[in-house]
Structures are given as C-alpha cells and as structure tokens.
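# Coordinate inspection notes
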Amino acid sequence: MKKVQQHYDSVADVYDDRYDRDRGRYYHEHIRNHVMRGLSEGAFLLDVGCGTGLFVRQYMAGGGRAVGLDISPKMVQNARKHCAAGEFLVGTADMLPFRGETFDALASLLAFSYLPDPGAMLREAFRVLKPGGRIAICTLSRTVFTNAVPIIYALGERVGLQRVGVGNFNERYYTGREIADLLTDAGFVDVSVWRCSFAHRNLVEPLFTLARRLEPFVEKRIPYLAYNVCASGRKPEG
Ligand SMILES: C[S@@+](CC[C@H](N)C(=O)[O-])C[C@H]1O[C@@H](n2cnc3c(N)ncnc32)[C@H](O)[C@@H]1O
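Before going into details, it helps to say that this report is about the structure given with it. (Residues numbered from 1 in each chain as written. Predicted model: local features only at pLDDT ≥ 70, side-chain atom pairs only at ≥ 80, totals over all residues.)

Moving on: the sheet that holds strand S6 (residues 189-196). Spatial strand order, S3-S2-S1-S4-S5-S7-S6: 7 strands in an open sheet with mixed pairing. Whereas interior strands pair on both sides, the edge strands pair on one side only; in this sheet they are strand S3 (87-90) and S6. Across the sheet, the axes of successive neighbouring strands diverge by a mean angle of 15 degrees, strand direction being ignored. Where strand S2 (residues 65-70) lies against S3, 4 bridges are found, and the strand directions are parallel. Pairing of Asp70 across the sheet is with Val90, part of S3. In this fold helix H4 (residues 54-61) packs onto strand S1 (44-48), S2 and strand S4 (103-109), with an angle of close to 175 degrees to the strand it touches most, S2. The strands touched by helix H6 (residues 118-128) within the sheet are S1, S4 and strand S5 (129-140), with S5 carrying the most contacts at an inclination of about 150 degrees. (Pairing = 2+ DSSP bridges. Helix = DSSP H or I, 4+ residues; strand = E, 2+ residues; numbered from the N terminus. Axes fitted to C-alpha atoms, helices over the stretch in contact; angles between N-to-C directions. Contact = placed C-beta atoms within 7 Å.)

Those residues of H4 that fall on the buried side of the exposure criterion are Leu54, Phe55, Val56, Arg57 and Tyr59. Against the buried residues of H4 lie helix H2 (15-19), helix H3 (22-37), S1, S2, helix H5 (73-82) and S4. Gly63 occupies a position one or two residues after H4 and carries a positive phi of about 100 degrees. (Buried ≥ 20, exposed ≤ 12 C-beta atoms within 10 Å, placed from the backbone.)

Quick look at the structure:
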C-alpha cells in the first residue's frame, strides 16, 4: 500500500489533467454518472479512495454532504483545494476512521483494484453505513482488453514512465460475479452489477469518438467489452 500511496503522491498535481480535461473528463464523468445510479442522492456520502475529490464535488453539487478518504496525503491536499466545501482525510480503505452507522451512502471509483484485502474494505463499508444505506463501486473489470494492462503498467515502471496509474501495484481486476460475491459476503443485499465505459480516455482520435458513439450499444448489448464493472448494494434495515 505504501507504493500506491507514494505513486499517487507523485502524480497528484497532474491527476486532474488526466481525468478532468478533454477525453478524460468525458470518461470520468461517465463513470461518476454510473456510480450515482447505485446511490441515494442528497444524503451523507463517504467516498473511499476519493483522489482529488471529483466525485465528492459532483455529489455535493446534487445537494448532498460528503467526506472523501484517500491513502495519499497529496491527493487529499488537492481535493481540499479543488472542493473547499467537502471534508477530506487521509486514511486506508480497510480501517475506516468512523463510528458505525455514520453514512447513508458509500462510493468508491477506480480505487478497488488497488486493495490487497477487498473483503476488509467491504466489511468496513458495511459497518459505517446506516441500515438501508447504499454502496456503489466502479473499478476496471477483467476483459480481453484489460487483461494485459497490469503487464503494460509494470513494463512502464521498468522504463521509468511517470504516468498516472502506471506501475507494478499487484492490481486486481474483477468480473461482475466476483464483485457481487464480495458484496454479498460482506452482508449487502439487493446486489446488482453492470458494465460501463467503452470510450476510454487512453483511446486516440478518431477511435475515441467512434467508441463514444458505440458506447451505449456496447454497454447494453455486448457489456463484456466495456472496460469497467460497477456494483451496488444495500445494507439491510435491522
Ligand atoms: C485512480 S485513483 C481514483 C481517484 C478517484 N476515486 C477518482 O475516481 O478520481 C485511485 C485512488 O485510490 C487511492 N487508494 C489506493 N489504495 C487505497 C487504500 N488502500 N485506501 C484509500 N485509498 C486508496 C489512491 O491514493 C488514489 O487516489
């Protein structure tokens, strides 16, 4: 986890160039909108692995209150700068520094793949949610396209490439079934999984524009080709 933290500290100042500009902004906003589908709006949210606060900012714009937690102090520092209305703290996903039954909603975007013990994060998520509270996660899924990504990123580290997310972090990409099982094992009910994103920000033009046009069709008809998997669930009431 130290290596992930150091990596995100080192890329914190360029993170928003990747995900809050041009193709990256479209890609990230698309994911945020999918995650919103799994949550209650206008409530009290915890965003685990919040990065620079892009989702906290969007959630609060919809009338909710939100806290972001991230392992990287530099990402948290930038989140505080970019989203002054949000509350942000440094911490790790598997030991959430909150009392039980604090939040109405819990989100995690593009961070789940880094967790060495995803079950521990989900048990903590279950603990800090109020009864009836909802969880929604989005992370890279295991597909024909993403299978090679960890190898490419590890090679990138070897040749000294300094890019957001590039490195050998023992990342794990999940199938929908695996995430659904993890949520169910942690105690969540009404678990659903779906795929999203075909227009990945790494695609160059004109592929990106083409993928953007095809995205609704891919998500609906051939979801296996979508890059990310989303999952949502609910903590049962009593
Ligand atoms: C790709 S970024 C995603 C950030 C943000 N959720 C977003 O969508 O823009 C991954 C984030 O997960 C954070 N992270 C990785 N492992 C973590 C852990 N164990 N606990 C908390 N945050 C973690 C990283 O520091 C980084 O900010």
